[in-house]
Amino acid sequence: MQQSEQIVVGRLGAVYGVKGWLKVQSFTDDPESIFEYSPWLLSQKTEREMKVVEWRRHNNGLIARLEGISDRDEAARLTGADICITADELPALADDEFYWRDLIGMRVVNTKGYDMGVVEQIMPTASNDVLVVKANSNDGFGKSERLIPFIQSEYVTEVNKEEKRIQVEWPSDF
């Protein structure tokens, strides 16, 4: 049986109080949705599964108490641990929605057939996400990277998961 890919969805922060509570930094779109996943796989130097016993909002952040952790010293040992889940725990998306991790590494080709490079990362901006495309080493226009807004139906005309290819309406020399 193949083991599912692990996804980091958050990180444990500083200890809060004396009863084993920890601050939680959530990387999910809706910060509170991190608590919909259980158990968490905590990853530091080693990995261990932990269940959230209770959680709540505190000021502008989140705090949680984990099963088996009842004092400040035990909680302090978990500070900085990544909170992971398996990829198959992620909710299914509509056909026109994508997880960033699925887009990274995809080849980007414009509608005229020019190979623009590979998605290296995705940059969030206030208005929309932007594909950071690492250009091919022999790029005909001397580009090392391109920034292409990920706006479907305007610039992104097709995302083909099977072929790991994104088609864009974007000039080759831009």
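Now for a look at the structure at hand. (Residues numbered from 1 in each chain as written. Predicted model: local features only at pLDDT ≥ 70, side-chain atom pairs only at ≥ 80, totals over all residues. Heavy atoms only, no water.)

### Brief notes about the packing of aromatic side chains
Part 1 of the reasoning: Following the criterion strictly, the structure yields six aromatic pairs and no others.
Part 2 of the reasoning: Look at F35 and W55: their rings are 4.2 Å apart centre to centre, the planes differ by 5°, and that puts the pair in the stacked class. With F35 in the loop between β2 (21–26) and β3 (40–43) and W55 in strand β5 (residues 52–58), the pair connects residues that are 20 residues apart, well separated along the chain.
Part 3 of the reasoning: Its relative accessible area of 34% is what places W55 among the partly exposed residues.
Part 4 of the reasoning: Geometrically, the ring pair formed by Y114 and F141 is edge-to-face, given 5.5 Å between the ring centres and 70° between the ring planes. Here Y114 is found in the loop between β8 (107–110) and β9 (115–124), whereas its partner F141 is found in the loop between β10 (129–134) and β11 (145–149), with 27 residues between them in sequence.
Part 5 of the reasoning: Given the relative accessible area of 23%, Y114 is considered partly exposed. (Phe/Tyr/Trp six-rings, centres within 6.5 Å; stacked < 30°, edge-to-face > 60°. Helix = DSSP H or I, 4+ residues; strand = E, 2+ residues; numbered from the N terminus. Buried < 20%, exposed > 50% of the residue type's maximum accessible area, 1.4 Å probe, protein only.)

### A closer look at the side chain of D82
Part 1 of the reasoning: On the secondary structure map, D82 appears in strand β7 (residues 82–86).
Part 2 of the reasoning: Side-chain polar atoms of D82 contact the side chain of R11, separated by 2.8 Å.
Part 3 of the reasoning: When neighbours within four sequence positions are excluded, D82 is seen to be in contact with V8, G10, R11, L41, L42 and S43. (Polar contact = N/O pair within 3.5 Å; in protein donor to acceptor, adjacent residues only side chain to side chain. Contact = heavy atoms within 4.5 Å.)

### Looking at the nonpolar core
Generally speaking, nonpolar side chains in soluble globular proteins are found buried as a group.
Part 1 of the reasoning: L12, V24, W40, L42, L66, L78 and I83 are the most contacted members of the largest nonpolar core, which has 23 residues in total.
Part 2 of the reasoning: Of all the elements in the fold, those that place two or more residues in this core are β1 (6–16), β2, β3, β6 (61–66) and β7.
Part 3 of the reasoning: For this core, the element with the most residues is β1, which contributes four residues.
Part 4 of the reasoning: Once residues lying within four places of it in the same chain are set aside, the contact partners of L78 are L12, L22, L42, Q44, R48, M50, L66 and I69.
Part 5 of the reasoning: In terms of nonpolar packing, the next biggest core, distinct from the first, is built from 16 residues, V108, I122, L131 and V168 among them. (Core = buried A, V, L, I, M, F, W, Y, C linked by side-chain atoms within 4.5 Å.)

### Remarks on the environment of D88
Part 1 of the reasoning: Looking at the element boundaries, D88 is found in the loop between β7 and α2 (100–103).
Part 2 of the reasoning: With 81 residues separating them in the primary sequence, D88 and I7 have C-alpha atoms 9.6 Å apart.
Part 3 of the reasoning: At a separation of 2.5 Å, a polar atom in the side chain of D88 contacts the side chain of T86.

### Remarks on the sheet that holds strand β13 (residues 165–168)
Part 1 of the reasoning: Strand order across the open sheet formed by six strands is β11-β10-β9-β8-β13-β12, with mixed pairing between neighbours. Two strands in the sheet have a free side with no partner beyond their single neighbour: β11 and β12 (156–160). Looking at each pair of strands side by side, their axes are set apart by 35° on average, direction ignored.
Part 2 of the reasoning: Pairing between β9 and β10: six bridges, direction antiparallel. Across the sheet, the residue bridging to M123 is V130, located in β10. (Pairing = 2+ DSSP bridges. Axes fitted to C-alpha atoms, helices over the stretch in contact; angles between N-to-C directions.)

### Some details on the pairing of β13
Part 1 of the reasoning: Two strands pair when backbone bridges link them, and β8 and β13 are joined in this way by four bridges, in the parallel orientation. Each residue of the ladder has a partner; that of V108, found in β13, is I166.
Part 2 of the reasoning: Of the strand pairs in this sheet, β12 and β13 are connected by four bridges, and their pairing is antiparallel. Bridging from a neighbouring strand, N160 pairs with R165 of β13.
Part 3 of the reasoning: The hairpin formed by β12 and β13 contains four residues between the paired strands, and K164 there has a positive phi angle of roughly 50°.

### A look at the pattern of salt bridges
Part 1 of the reasoning: Under the criterion given, the structure shown has nine salt bridges.
Part 2 of the reasoning: The salt bridge partner of R146 is D139, with a shortest N-O separation of 3.0 Å.
Part 3 of the reasoning: Judged by relative accessible area, R146 falls into the buried class, the value being 1%.
Part 4 of the reasoning: Residues joined in a network through salt bridges with shared partners are E5, R101 and D102. (Salt bridge = Lys/Arg side-chain N within 4 Å of Asp/Glu carboxyl O.)

Everything listed is a geometric property; what it means functionally is a separate question.
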